[in-house]
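Read off the chains here:
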Amino acid sequence: MKLNQKEVQLITELKNQEQLCVQKYDFYAAQAKDPELKNLFKKLLKREQNHFDMLENLLNGTVPQIKNKTPEAVKYEPKATHAGDQKSKEFDKFLCTDVIATEKYVATTYNNDLFYFVSTDVRNVLNAIMTDEQNHAEMIWKYKVANKMAA
């Protein structure tokens, strides 16, 4: 598969966003107070690394296979686990809110960029990643609701 210059530029920018997501989830997993939230951040970090790798494959001329499966967010049912004091709960709420904003931004970027691609296969990959990003935000939102952090 051959990408044009514009497509290479867009994938490179998306890859940079995915790298930031990986770094953010890694940093936030280390900072989160609630073990359940730490585990959620670590899980999403792996998904973001997978997105990064998929984009790297596209840049190398390989279209990755997309696995059609039920989105994780549909199955994710967090329990109210945050046992920390109000200050630590507010801190974790901030981390969640920031990551949701990041996921929304990245999903929107995918949505805007995928229409520049000639290849239907590439558009399908980008669309699958965009859907994953939306599901990540939903999972974090569900965690916030379960732990009475949602306003």
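Residues numbered from 1 in each chain as written. Predicted model: local features only at pLDDT ≥ 70, side-chain atom pairs only at ≥ 80, totals over all residues. Heavy atoms only, no water.

Undergrad: How would you sum up the pattern of salt bridges? Please name residues and give values.
TA: Counted by the stated rule, this structure contains six salt bridges. Its salt-bridge partner being K43, residue E72 comes within 3.3 Å of it at the nearest N-O pair. With E72 in helix α3 (residues 72-75) and K43 in helix α2 (residues 35-59), this residue pair connects regions lying 29 residues apart in the sequence. K142 serves as the salt-bridge partner of E138, at 3.7 Å between the closest nitrogen and oxygen. Placement of both E138 and K142 in helix α5 (residues 120-146) is noted, with a separation of four residues, approximately one turn of the helix. (Salt bridge = Lys/Arg side-chain N within 4 Å of Asp/Glu carboxyl O. Helix = DSSP H or I, 4+ residues; strand = E, 2+ residues; numbered from the N terminus.)

Undergrad: Explain the nonpolar core to me, using residue names and the numbers behind them.
TA: Ranked by internal contacts, the top residues of the largest apolar core, which has 21 residues, are Y25, L37, L40, F41, I140 and Y143. Sorting the residues of this core by element identifies α1 (5-31), α2, α4 (86-113) and α5 as the ones contributing at least two each. Ranked by residues supplied to this core, first place goes to α2 with five residues. Residue contacts for Y25: discarding those within four places in its chain leaves F41, L44, L45, E48, V99, E103, H136 and I140. By size, the runner-up hydrophobic cluster in this structure holds 18 residues, among which are L10, I11, L14 and M130. (Core = buried A, V, L, I, M, F, W, Y, C linked by side-chain atoms within 4.5 Å. Buried < 20%, exposed > 50% of the residue type's maximum accessible area, 1.4 Å probe, protein only. Contact = heavy atoms within 4.5 Å.)

Undergrad: Describe the environment of M149, naming the residues involved and giving the relevant values.
TA: On the secondary structure map, M149 appears in the segment after α5. Separated by 55 residues in sequence, M149 and F94 have C-alpha atoms that sit 9.3 Å apart. Dropping the residues within four chain positions of it, M149 is found in contact with H82, K89, D92, K93, Y143 and K144.

Undergrad: Account for the packing of aromatic side chains, naming residues and giving values.
TA: Think of a pair of aromatic rings as described by two things: how far the centres are apart, and how the planes are tilted against each other in angle. With the rule as written, the count across this model stands at three aromatic pairs. Ring geometry for Y28 against F41: centres 6.1 Å apart, planes inclined by 50°, an arrangement best described as tilted. Placement of the pair is Y28 in helix α1 and F41 in helix α2, with a sequence separation of 13 residues. Owing to a relative accessible area of 0%, F41 belongs among the buried residues under this scheme. Members of the aromatic cluster, each reached through a chain of ring pairs, are Y25, F27, Y28 and F41. Geometry around Y116 places K6 over its ring, the cationic atom sitting 5.0 Å from the centre. Here the guanidinium or amino end of K33 rests over the ring plane of F91, the centre of that ring lying 4.9 Å away. (Phe/Tyr/Trp six-rings, centres within 6.5 Å; stacked < 30°, edge-to-face > 60°. Lys NZ or Arg CZ within 6 Å of the ring centre and 35° of its normal.)

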